[in-house]
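Residue-level structural notes
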Amino acid sequence: MILQKPDKRKYVREAPSKKAIKIFIFCEGAKREYQYFSCFRGLDSRIDPRIIQTEQHDNNSPTGLFEKAQELFKVQDIELRSTDYVWFIVDVDKWTQINDLKNDAEEESWFVGISNPCFEVWLYYHFFDSYPDFENMHISKSWKSFVNKKISGGFDSKRCFVLIDKAIENSKKNYKEKDDIPIVGTTDVFKLGQLIYQFVKNKI
């Protein structure tokens, strides 16, 4: 079942309070993930999402993202509070270092969100409540084409982020894993989604 596409709206942005929970989000993707999570900035003064964008030349492998996080906190002398969160958003399609990242993150009490094979899986569940089934769905490029065709006009972060509640519900319902990794066509990014949504649900 496809959900109705949201109307364009204007949102009153709020500066985070001094006590706001900081959510540092390190994304493997250089563009789409950054655009999506940036939509939640300023929606509620109680949270301060800080999306760290990677550049094309960066080492954006899972272990590269972990090293980037360590360097950022050290160079900028950022002291994480017990209420703050660090999340890594990664794909399965390119890398074999996910278990290393999960182990390193666990030692720091940080979190990892994985989409198999790519972030477009999470975007898909904003509109559909059923498990997808199409040829070559294990390939990232196939997903990018599939999502653009399935969603009229393609996925627009500036409009569609308001469907995060549906994405949480749909991806959680269809989630399956093998060896602690989501199977093809599923994602556990809903865990980060749940964290964000509890603060912004009355604003979107």
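Preceding block: the structure.
This text gives an overview of the structure that appears in the document. (Residues numbered from 1 in each chain as written. Predicted model: local features only at pLDDT ≥ 70, side-chain atom pairs only at ≥ 80, totals over all residues. Heavy atoms only, no water.)

**Looking at the overall build of the protein**
A tally of regular secondary structure across the protein gives eight helices and seven strands. Compactness check: the protein gives a C-alpha radius of gyration of 16 Å against a globular reference of 17 Å for 204 residues, within 12% of the reference. Considered along the principal axes of its C-alpha atoms, the protein spans approximately 45 × 40 × 30 Å. Per-residue burial over the protein gives 50% buried out of 204 residues. Look at the contacts in the protein between residues 6 or more apart in sequence, and 75% of them connect residues 24 or more apart. Within the structure as shown, the protein displays about 11000 Å² of accessible surface, and the carbon and sulfur contribution to it stands at 45%. When the 32 positive and 31 negative side-chain charges of the protein are each reduced to one mean point, those points stand 9 Å apart. (Helix = DSSP H or I, 4+ residues; strand = E, 2+ residues; numbered from the N terminus. Rg over C-alpha atoms; globule rule 2.2 N^0.38 Å. Buried < 20%, exposed > 50% of the residue type's maximum accessible area, 1.4 Å probe, protein only. Contact = heavy atoms within 4.5 Å. Areas by Shrake-Rupley, 256 points an atom, 1.4 Å probe, with all protein chains shown as cover. Lys, Arg positive; Asp, Glu negative; His and termini not counted. Charge placed at Lys NZ, Arg CZ, Asp CG, Glu CD.)

**So, unusual backbone geometry**
The amide bond that connects Asn116 to the next residue, Pro117, takes the cis arrangement and shows omega of 10 degrees. Positive phi, normally seen in glycine, also occurs at Asp180, with a value near 65 degrees. As for its position among the elements, Asp180 is in the loop between strand S5 (177–178) and strand S6 (181–182).

**Quick notes on the pattern of salt bridges**
Counted under the stated rule, the structure contains eight salt bridges. Of the charged contacts, one joins Arg81 and Asp84 as a salt bridge, the two residues approaching to 3.0 Å between their closest N and O atoms. Of the residues examined, Asp84 reaches a relative accessible area of 11% and is grouped as buried. Residue Asp188 is joined to Lys191 by a salt bridge in which the shortest nitrogen-to-oxygen separation is 4.0 Å. With a relative accessible area of 38%, Lys191 lands in the partly exposed category. If you follow the salt bridges from partner to partner, you end up with Arg32, Glu120 and Lys144 in one network. (Salt bridge = Lys/Arg side-chain N within 4 Å of Asp/Glu carboxyl O.)

**Digging into the packing of helix H2 (residues 62–75) against helix H3 (residues 98–107)**
Relative to each other, H2 and H3 sit at 30 degrees, their axes nearing to 8 Å. Put simply, H2 runs roughly parallel to H3. Within the contact between the two elements, H2 uses Pro62, Thr63 and Phe66 and H3 uses Ile98, Asp100, Leu101, Asp104 and Ala105. In terms of residue class, the contact of H2 with H3 is built from five nonpolar, one polar and two charged. (Axes fitted to C-alpha atoms, helices over the stretch in contact; angles between N-to-C directions. Parallel < 35°, antiparallel > 145°, perpendicular 65-115°, else oblique. Nonpolar A, V, L, I, M, F, W, Y, C, P; charged D, E, K, R; others polar.)

**Topic: the environment of Pro182**
In this structure, Pro182 sits in strand S6. When its relative accessible area of 2% is taken as the criterion, Pro182 is described as buried. Spatially, the C-alpha atom of Pro182 lies 26 Å from that of Glu55, the residues being 127 residues apart in sequence. Setting aside anything within four residues of it in sequence, one finds Pro182 in contact with Ile114, Asn116, Tyr175, Lys176, Glu177, Thr187 and Asp188.

**A few points about the nonpolar core**
Tyr36, Phe37, Ile89, Trp122, Trp143 and Leu192 are the most contacted members of the largest nonpolar core, which has 45 residues in total. Secondary-structure elements contributing two or more residues to this core are strand S1 (21–27), helix H1 (32–38), strand S2 (47–52), strand S3 (85–91), helix H4 (120–124), helix H5 (140–150), helix H7 (164–173) and helix H8 (190–200). A per-element tally of this core places H8 first, with six residues. Sequence-distant contacts of Phe37, defined by excluding residues within four places in its chain, comprise Ile25, Cys27, Ile51, Ile89, Phe119, Val189, Leu192 and Ile196. Within the second largest apolar cluster, 18 residues are counted, among which are Phe73, Val90, Ile98 and Leu101. (Core = buried A, V, L, I, M, F, W, Y, C linked by side-chain atoms within 4.5 Å.)

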